[in-house]
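Observations on chain architecture
So you can see what is in the structure, the chains are spelled out below.
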Amino acid sequence: ESLPILVDLLRGIRDLDGQGIVHGGLTERNVFVKNGRPLLANFASAVIVDASDDHFGRGASTWTGRNLPLADIARWPPETILGLPTGPSNNVYQTGLVFAAMSLGHNPALWFLIQEMPEIVADKRKVTSWDPALDDKAQRMIRERFSLQSDPHVQALEDSDVRDILAGLLATSLDQRWTAVGALEQTLAIAKRRGIEVPSEREASRIDEPVASDWA
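Given the structure is predicted, the values throughout are model-derived calculations rather than measurements.

Below, the discussion takes up helix α5 (residues 108-116). The set of residues buried in α5 consists of Pro-108, Ala-109, Leu-110, Phe-112 and Leu-113. Capping of α5 at its N-terminal end is provided by Asn-107; its side-chain oxygen lies 2.8 Å from the backbone amide nitrogen of Ala-109.

Phe-99, Leu-113, Ile-142, Ile-165, Leu-166 and Leu-169 are the most contacted members of the largest nonpolar core, which totals 44 residues. At the level of elements, α1 (2-18), α4 (88-104), α5, α6 (132-144), α8 (160-169) and α9 (180-193) are the ones that each hand at least two residues to this core. Per-element tally for this core: the top contributor is α1, with eight residues. When near neighbours in sequence (up to four residues on either side) are disregarded, Leu-169 contacts Leu-6, Leu-10, Val-92, Tyr-93, Thr-95, Gly-96, Phe-99, Arg-177, Trp-178 and Ala-183.

What follows deals with the pattern of salt bridges. With the rule as written, the count across this model stands at ten salt bridges. In this structure, the salt-bridge partner of Glu-201 is Arg-11, at a minimum N-O distance of 3.6 Å. Here Glu-201 is found in the segment after α9, whereas its partner Arg-11 is found in helix α1, with 190 residues between them in sequence. Relative accessible area serves as the criterion here: at 9%, Arg-11 is assigned to the buried category. When the shortest N-O distance is used, the salt bridge between Arg-14 and Asp-15 registers 3.1 Å.

Our focus in this paragraph is the side chain of Thr-27. Position of Thr-27 relative to the elements: it lies in the loop between β1 (21-22) and β2 (31-34). Residues in contact with Thr-27, not counting those within four places in the same chain, are Arg-75 and Val-98.

A word on unusual backbone geometry. Trans is the common state for peptide bonds, and a negative phi is the common state for residues other than glycine. At Asn-42, a position not held by glycine, the phi torsion is positive, near 60°. In this structure, Asn-42 sits in the loop between β3 (37-40) and β4 (47-48).

The rules behind the values
- Residues numbered from 1 in each chain as written.
- Predicted model: local features only at pLDDT ≥ 70, side-chain atom pairs only at ≥ 80, totals over all residues.
- Heavy atoms only, no water.
- Buried < 20%, exposed > 50% of the residue type's maximum accessible area, 1.4 Å probe, protein only.
- Helix = DSSP H or I, 4+ residues; strand = E, 2+ residues; numbered from the N terminus.
- Polar contact = N/O pair within 3.5 Å; in protein donor to acceptor, adjacent residues only side chain to side chain.
- Core = buried A, V, L, I, M, F, W, Y, C linked by side-chain atoms within 4.5 Å.
- Contact = heavy atoms within 4.5 Å.
- Salt bridge = Lys/Arg side-chain N within 4 Å of Asp/Glu carboxyl O.

Below you can see the structure in the form of structure tokens.
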């Protein structure tokens, strides 16, 4: 059931990449589902980078590894935490976290931090800390130790296709992480092989009226 939504999301990410736009705040809370189709919302953190670069933008980015709130660390890819320029791969990684929320019910990077750092304060929605040292530790752990395999829930998934998609979208290495186009091709191929009907392409449209989300 999640593959058709993922296909639509990846089409949107592909189109953003084509315009050199990095969303920056792509989480399940910023994806609204209306009539079974996902809509991206909240572009307040978006930046424009060089669309010709597969991974990194050459333009200045407002995101670096410095002073990242602990609540945000679990949704940034390792290269962003390192302070490297952001680029289209950021969109892909955050799409992977949205798909993880659909498949696992949680963010695997956040789960990793909660398990490895019991000293942090955690609840279902956020991780907070007033201690900068904890922020530094969390950034270092994500950068140096986190991988998708850190989460046993991923290994417990019986659906190998879902595991493969998560591995491609959430690869910590840029060389191994899928591009938006590659992810879309892989997901479409999986849906076709499994006989899952996916939505047709559609022109992007702006929704001016409030949208009620069907997201569980």
